[in-house]
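The chain contents come next:
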Amino acid sequence: MQKISVLLFLAWVCFLYYAGIALFTSGFLLTRLELTNHSTCQEPPGPGSLPWGSQGEPRACWMASRFSRVVLVLIDALRFDFAQPQRSHMPGEPPVSLPFLGKLGSLQRILETQPHHARLYRSQVDPPTTTMQRLKALTTGSLPTFIDAGSNFASHAIVEDNLIKQLTSAGRRVVFMGDDTWKDLFPGAFSQAFFFPSFNVRDLHTVDNGILEHLYPTMDSGEWDVLIAHFLGVDHCGHKHGPHHPEMAKKLSQMDQVIQGLVERLENDTLLVVAGDHGMTMNGDHGGDSELEVSAALFLYSPTALFPSAPPEEPEVIPQVSLVPTLALLLGLPIPFGNTGEVMAELFSGSEDSQPHSSALAQATALHLNAQQVSRFLHTYSAATQDLQAKELHQLQNLFSKASADYQWFLQSPQGAEATLRTVIAELQQFLRGARAMCIESWARFSLVRMVGGAALLAAACFLCLLASQWTTSPGFPFRPLLLIPVAWGLAGAIVYAGLLATIGLKLDPVLLGAAAAMSSLPPFLWKAWAGWGPKRPLAMLLPFPGSVSLLMLFRLAAFFSDSFVVAEARATPFLLGSFVLLLVAQLHWEGQLLLPKLVTVPRLGSSSSAGLPRYGGAYALRLGIGLLLCTRLAGLFHRCPEETPACHSSPWLSPLASMVGGRAKNLWYGACVGALVALLAAVRLWLQRYGNLKSPEPPMLFVRWGLPLMALGTAAYWALASGADEAPPRLRALVAGASVVLPRAVAGLAVSGVVLLLWKPVTVLVKAGTGAPRTRTVLTPFSGPPTTQADLDYVVPQIYRHMQEEFRGRLERTKPQGPLTVAAYQLGSVYSAAMVTALTLLAFPLLLLHAERISLVFLLLFLQSFLLLHLLAAGIPITTPGPFTVPWQAVLAWALMATQTFYATGHQPVFPAIHWHAAFVGFPEGHDSSTWLPALLVGANTFASHLLFAGSRLPIAPALALPV
């Protein structure tokens with residue numbers, strides 16, 4: 001029953017955590033209501049007749065179509081400066097030579113030779129800059145919220161009105177080729193489709209080559225009205241190599257040839273659109289809102305004159321969603337219902353021969369239709385939800401009414417001055433831009449009440465866990481009766497909340513219902529528990545933190561409420577860790593807590609006497625501290641700069657070896673990486689051999705002896721294949737591809753086998769039994785060396801001795817006629833540390849495979865830090881009171897700081913663009929078909945590798961702690 005009570009208590013604590021997280025995320029990860037309304041040709045966007053020229057025209061809806069066909073070339077991650085021409089440097093200025101500059105030369109040639117036929121725009125993208133959200137914006141004209149970023153892993157069909165639906169409803173033939181994300185967004189919408197797997201960011205050519213295989217034959221066949229080609233090579237090259245790699249120049253040159261080939265095949269009634277869905281950072285990533293990520297290129301070209309004037313010297317900046325209403329009206333389609341973009345009025349001006357009056361009237365007509373559609377959307381949306389600001393919405397409606405009235409008056413009196421028409425255009429543009437700004441502001445607001453409530457609930461749950469860790473040391477603490485209190489009060493709180501909502505007629509929110517139950521269950525439990533604890537124990541025992549730990553924990557907790565700390569955490573964490581190490585060394589020296597590794601006299605087994613124990617010298621602790629500081633400083637050389645600090649330069653050692661250009665340098669780095677791997681394996685084996693663990697016949701030690709070298713060999717072989725796969729001869733590529741699948745899976749399989757063996761036999765103690773004729777019946781040789789801390793004498797070793805005596809009791813009885821039995825036990829001095837080191841090593845190999853090769857140096861430093869810290873803590877933190885073994889808070893804080901420091905040293909950042917997507921394809925180079933849990937597991941293991949290593953190394957010790965006594 002006691003076990004059931006503990007499990008129920010843990011289940012309740014988990015419920016508190018989940019309720020707090022759900023409440024916080026419901027206020028932080030906002031969503032907006034997606035309306036399912038659709039625009040139709042039969043229903044005008046507003047009152048009044050349709051504009052001139054739209055009735056009776058073939059393929060005309062709200063407005064007469066200007067183009068019959070569109071070719072949309074979507075080059076993923078086409079940053080704006082990729083399309084900019086490489087300007088000649090001025091005299092005295094150093095020449096700028098970047099691999100991506102000037103590679104799309106066809107765009108510049110077209111702009112110079114046919115200025116009235118083409119335009120280059122800077123497309124301003126709304127964050128998050130992930131592909132699925134950008135495709136959604138490019139087809140619906142809507143604005144995503146932050147929660148949409150999570151949908152990038154598993155896209156769902158778009159339910160909002162969009163261009164693809166409007167095209168299919170109008171009977172247009174839409175042909176698609178490229179990124180298979182479109183298959184999930186628009187299932188069954190294409191008359192012909194060629195989908196290719198898109199998630200493998202290491203594959204630069206499969207998608208692009210597949211498109212080129214079908215692009216020109218499909219275009220020449222003429223069996224299409226809209227042709228969409230989504231290329232991924234530029235985006236994948238950025239993820240794999242970064243924008244400054246020579247491979248980026250090759251991909252952009254390939255895209256330039258594609259554009260040239262399309263321009264040569266275009267007919268007069270066809271519009272060519274070349275667009276980037278988002279940009280990329282200096283490291284080649286995207287997902288955030290930095291300037292390089294939200295700046296994409298947009299190029300329009302028509303074989304017939306499209307613009308009345310030459311392009312401006314500096315390209316115009318337009319919102320990305322403005323392409324949606326523009327294409328809809330140019331193709332004679334209704335603008336999607338939820339669009340918030342503004343038509344690009346310049347495209348409705350006509351050719352260079354058009355009269356200024358007619359050009360301005362065409363622009364005003366397109367803008368008025370667009371404004372009517374946006375006004376209708378705002379009215380419908382505000383009626384369905386309360387997200388929008390009522391005051392601003394009223395002001396916008398007044399502005400639209402005035403602009404619409406001015407437009408209608410001008411149509412009735414066309415002899416008015418052109419200046420009046422320009423005023424109408426300005427008013428309509430002001431309304432459209434104001435509406436979009438209001439939507440951005442409204443859908444980006446956070447619910448501070450929910451966020452504060454969720455944070456408070458999480459803090460209360462953490463405090464409860466702290467109290468529970470102290471209560472467990474109290475014998476006979478009444479967990480079972482107290483568990484009925486939170487259940488009863490939680491149900492009562494949920495019922496009261498649901499009844500209150502039913503009374504006032506509000507909709508029931510499951511998140512708030514769970515939060516109400518969690519908050520109602522906490523105070524009564526704490527009050528009742530305190531009533532049984534407070535009079536018996538001092539209050540100080542509830543907060544067992546030492547002063548130094550409390551101070552550093554307070555600093556770290558306060559820093560989480562600072563925006564700037566997110567940017568500076570990579571530098572602040574090593575500082576806190578180094579400060580804590582120095583403080584710990586000084587404290588151990590001043591308080592005289594340093595113990596020698598060898599005892600002059602060992603008391604009788606089970607005795608807690610430690611009188612006369614010699615001490616460590618201060619130099620020993622100082623050497624350990626200096627070693628820790630040196631490892632921390634070396635790990636800081638592997639750093640990745642956040643986008644908020646442009647003056648910072650990221651470490652070049654974080655990129656994979658495949659991105660290196662020089663063959664000799666690549667070989668030297670490969671040798672260094674393999675050397676770090678061998679050093680890591682040798683250090684572990686030497687440590688275990690020193691304490692005699694490798695002499696044990698237990699299965700885990702046999703696996704360490706033979707399995708770990710095989711894992712190291714497989715890792716080194718995989719690195720060699722991954723770094724030189726692009727340079728492999730054609731006849732060996734099939735073999736390389738097969739080995740790239742087998743080797744990582746084999747290493748992971750060996751690691752799992754080793755962990756299973758360690759969980760089965762965690763205590764790697766060598767026991768030898770034999771008959772003899774000593775005076776005593778049982779002789780226990782405690783360890784190959786004397787204990788290093790008082791804990792060995794007071795608790796750990798005697799517990800294991802008693803367990804072994806019970807285990808061999810039956811054998812003693814059976815062998816009594818044959819003479820007394822002698823039992824000798826070895827390696828008890830490293831009974832816990834051996835299991836921990838072995839588990840840490842087994843977890844390290846598969847996690848190391850998920851990172852770039854040069855991260856192996858960081859893993860080596862991580863192990864050195866762990867060893868040094870454990871020796872420092874073991875040297876001076878004795879346990880002087882009998883009872884259950886407790887982990888000192890100094891170790892907990894140091895472990896947490898080291899995990900965070902290693903998180904940054906492995907090239908991670910707490911931002912979406914810094915996620916290492918390539919980890920999802922280690923061992924699965926061809927993708928994962930429809931599975932999402934496995935790639936998510938691999939990417940998550942890569943992201944939290946340091947935390948998994950520090951936390952997972954404790955798991956194999958749990959069975960040893962549960963030894964019967």
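All of these numbers come straight from a predicted model, not from anything done at the bench.

1. Points about the packing of helix H3 (residues 105–113) against helix H9 (residues 246–265)
Phase 1: Where H3 meets H9, the closest approach of the two axes is 8 Å, and the angle between their N-to-C directions is 40°. The orientation of H3 relative to H9 falls into the category oblique. Judged by residue contacts, Gly105, Ser106, Leu107, Arg109 and Ile110 of H3 engage Asp256, Ile259, Gln260 and Val263 from H9.

2. Some remarks on the environment of Pro115
Phase 1: Structurally, the position occupied by Pro115 is in the loop between H3 and strand E2 (118–124).
Phase 2: Expressed as a C-alpha distance, the spacing of Pro115 and Pro311, which sit 196 residues apart in the sequence, is 6.2 Å.
Phase 3: The residues contacting Pro115, other than those within four sequence positions of it, are Ile110, Ser309, Ala310 and Pro311.

3. So, the sheet that holds strand E3 (residues 174–179)
Phase 1: Taken in spatial order, the 8 strands of this open sheet run E4-E3-E5-E1-E6-E7-E2-E8, and their pairing is mixed. Across the chains shown, the open sheet's two edge strands, defined by having one partner strand only, are strand E4 (192–196) and strand E8 (317–319). If you compare each strand with its neighbour and ignore which way they point, the axes differ by 20° on average.
Phase 2: Here E3 pairs with strand E5 (residues 226–231) via 5 bridges, running parallel. In the sheet register, Met177 faces E5, and the bridge partner there is Ala229.
Phase 3: Contacts between helix H7 (residues 206–221) and the sheet are confined to strand E1 (69–75), E3, E4 and E5, with E5 contributing the most and set at about 160° to the helix.

4. Some remarks on the state of the cysteines
Phase 1: In total, this model carries 1 disulfide according to the counting rule given.
Phase 2: Each disulfide pairs two cysteine sulfurs, and for Cys41 the partner residue is Cys61, the sulfurs being separated by 2.0 Å. Classification of the bridge connecting Cys41 and Cys61 rests on its S-S torsion, roughly -130°, and on that basis the disulfide is left-handed. In this pair, Cys41 sits in the loop between helix H1 (2–28) and E1 while Cys61 sits in the loop between H1 and E1, placing the two residues 20 residues apart along the sequence.
Phase 3: Here Cys41 falls in the partly exposed class, since its relative accessible area comes to 36%.

5. Considerations on the side chain of Glu160
Phase 1: Among the structural elements, Glu160 can be located in the loop between helix H4 (131–140) and helix H5 (163–169).
Phase 2: For Glu160, the residues in contact, after removing those within four places along its chain, are Arg32, Glu34, Leu35, His38, Lys136, Thr140 and Ser142.

6. Digging into the pattern of salt bridges
Phase 1: The full count for this structure, using the stated rule, is 12 salt bridges.
Phase 2: Of the charged contacts, one joins Asp225 and Arg173 as a salt bridge, the two residues approaching to 3.3 Å between their closest N and O atoms. Here the residue Asp225 occupies a position in the loop between H7 and E5, and Arg173 occupies one in the loop between H5 and E3, the gap between them amounting to 52 residues.
Phase 3: Take Arg173: its relative accessible area is 34%, and that puts it in the partly exposed class.
Phase 4: A single salt-bridge network, built from bridges that share partners, covers Lys402, Asp406 and Glu427.

Conventions used here
- Residues numbered from 1 in each chain as written.
- Predicted model: local features only at pLDDT ≥ 70, side-chain atom pairs only at ≥ 80, totals over all residues.
- Heavy atoms only, no water.
- Axes fitted to C-alpha atoms, helices over the stretch in contact; angles between N-to-C directions.
- Helix = DSSP H or I, 4+ residues; strand = E, 2+ residues; numbered from the N terminus.
- Parallel < 35°, antiparallel > 145°, perpendicular 65-115°, else oblique.
- Contact = heavy atoms within 4.5 Å.
- Pairing = 2+ DSSP bridges.
- Disulfide = S-S within 2.5 Å.
- Buried < 20%, exposed > 50% of the residue type's maximum accessible area, 1.4 Å probe, protein only.
- Salt bridge = Lys/Arg side-chain N within 4 Å of Asp/Glu carboxyl O.

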